[in-house]
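Understanding the architecture of this molecule
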Amino acid sequence: MRTVLSFQAWTLEPGGLRDPRHWEWARNGQPHHSVTVTAVTVDPPLAEADFAVADDVKQGFEARRARKLDGAPGVRPDAPPVEVAPGVVQLPGAWNWSALTTAVDKALRP
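To keep things clear, this report deals only with the structure shown in the data block. As the structure is a computational prediction, the values presented were derived from the model and not from experiment.

Attention shifts here to the overall build of the protein. Counting its secondary structure elements, the protein contains 2 helices and 6 strands. Here the protein holds 110 residues, and 11% of them are scored as buried. Pairs at least 24 apart in sequence give 10% of the contacts found in the protein among residues at least 6 apart. Carbon and sulfur atoms make up 58% of the accessible area of the protein, which amounts to about 9500 Å² in all.

Right, dumping it as structure tokens:
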């Protein structure tokens, strides 16, 4: 899928910042999403509390920190791969993705 992001309606903000006020995404040549920025605050006042992370978020991060993708299963044990068409295998899971197989792939399988 080809995605193009275009920036439009550039403004010159205080301090010399050039900022696009309108963003447009297109996918495969078709409009997909757009955002219009109506206000910008350059160098706003910040407090330490603006950067505070809640304790439950910290605990959740620490609980997941040691997990690695190496140990994660490639597919769900309760939903094995399914050949949905000749040479197309669907791997059910969080992303529900599909893979094309070739004669070489099949020859390399045990």
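Following the criterion strictly, the structure yields 3 aromatic pairs and no others. Summarising the aromatic geometry, the rings of Phe7 and Trp23 are spaced 4.9 Å apart at their centres and angled 80 degrees between planes, so their arrangement reads as edge-to-face. You can see Phe7 sitting in strand S1 (residues 3-12) and its partner Trp23 sitting in strand S2 (residues 18-27), a full 16 residues away along the chain. Look at Trp23 and you get partly exposed, because its relative accessible area is 30%. Taken together, the ring pairs connect Phe7, Trp10, Trp23 and Trp25 into an aromatic cluster.

This paragraph deals with the sheet that holds S1. Taken together, 3 strands build an open sheet; the order of strands is S1-S2-S3 and the sheet is antiparallel. Edge positions in the open sheet fall to S1 and strand S3 (30-36), since each of these has one partner strand only. Shown here is a sheet whose adjacent strand axes are inclined to one another by a mean of 20 degrees, direction ignored. By the bridge criterion, 9 bridges tie S1 to S2 in an arrangement that is antiparallel. Within S2, the position partnered with Val4 by the bridge is Ala26.

Backbone geometry at Ala9 places phi at a positive 55 degrees, although glycine is not the residue there. Following the sequence through the fold, Ala9 ends up in strand S1. The backbone phi angle of Asn28 is positive, close to 50 degrees, even though this residue is not glycine. Structurally, Asn28 is set in the loop between S2 and S3.

With that out of the way, let us pick up the pairing of strand S5 (residues 88-91). Of the two faces of S5, the one lined by Val89 and Leu91 is fully buried and the one lined by Val88 and Gln90 carries no buried residue. Between the antiparallel neighbours strand S4 (residues 82-85) and S5 lie 2 residues, among them Gly87 with a positive phi of about 85 degrees.

A cluster of nonpolar residues, Leu5, Phe7 and Trp10, forms a patch on the protein surface that exposes about 300 Å² of accessible area. Along the chain, the position of Leu5 falls in strand S1. Leu5 gets classed as partly exposed once you look at its relative accessible area, which sits at 33%.

Conventions used here
- Residues numbered from 1 in each chain as written.
- Predicted model: local features only at pLDDT ≥ 70, side-chain atom pairs only at ≥ 80, totals over all residues.
- Heavy atoms only, no water.
- Helix = DSSP H or I, 4+ residues; strand = E, 2+ residues; numbered from the N terminus.
- Buried < 20%, exposed > 50% of the residue type's maximum accessible area, 1.4 Å probe, protein only.
- Contact = heavy atoms within 4.5 Å.
- Areas by Shrake-Rupley, 256 points an atom, 1.4 Å probe, with all protein chains shown as cover.
- Phe/Tyr/Trp six-rings, centres within 6.5 Å; stacked < 30°, edge-to-face > 60°.
- Pairing = 2+ DSSP bridges.
- Axes fitted to C-alpha atoms, helices over the stretch in contact; angles between N-to-C directions.
- Patch = residues over 30% accessible without salt bridge, like charges linked within 9 Å, V, L, I, M, F, W, Y side chains within 5 Å.
- Salt bridge = Lys/Arg side-chain N within 4 Å of Asp/Glu carboxyl O.

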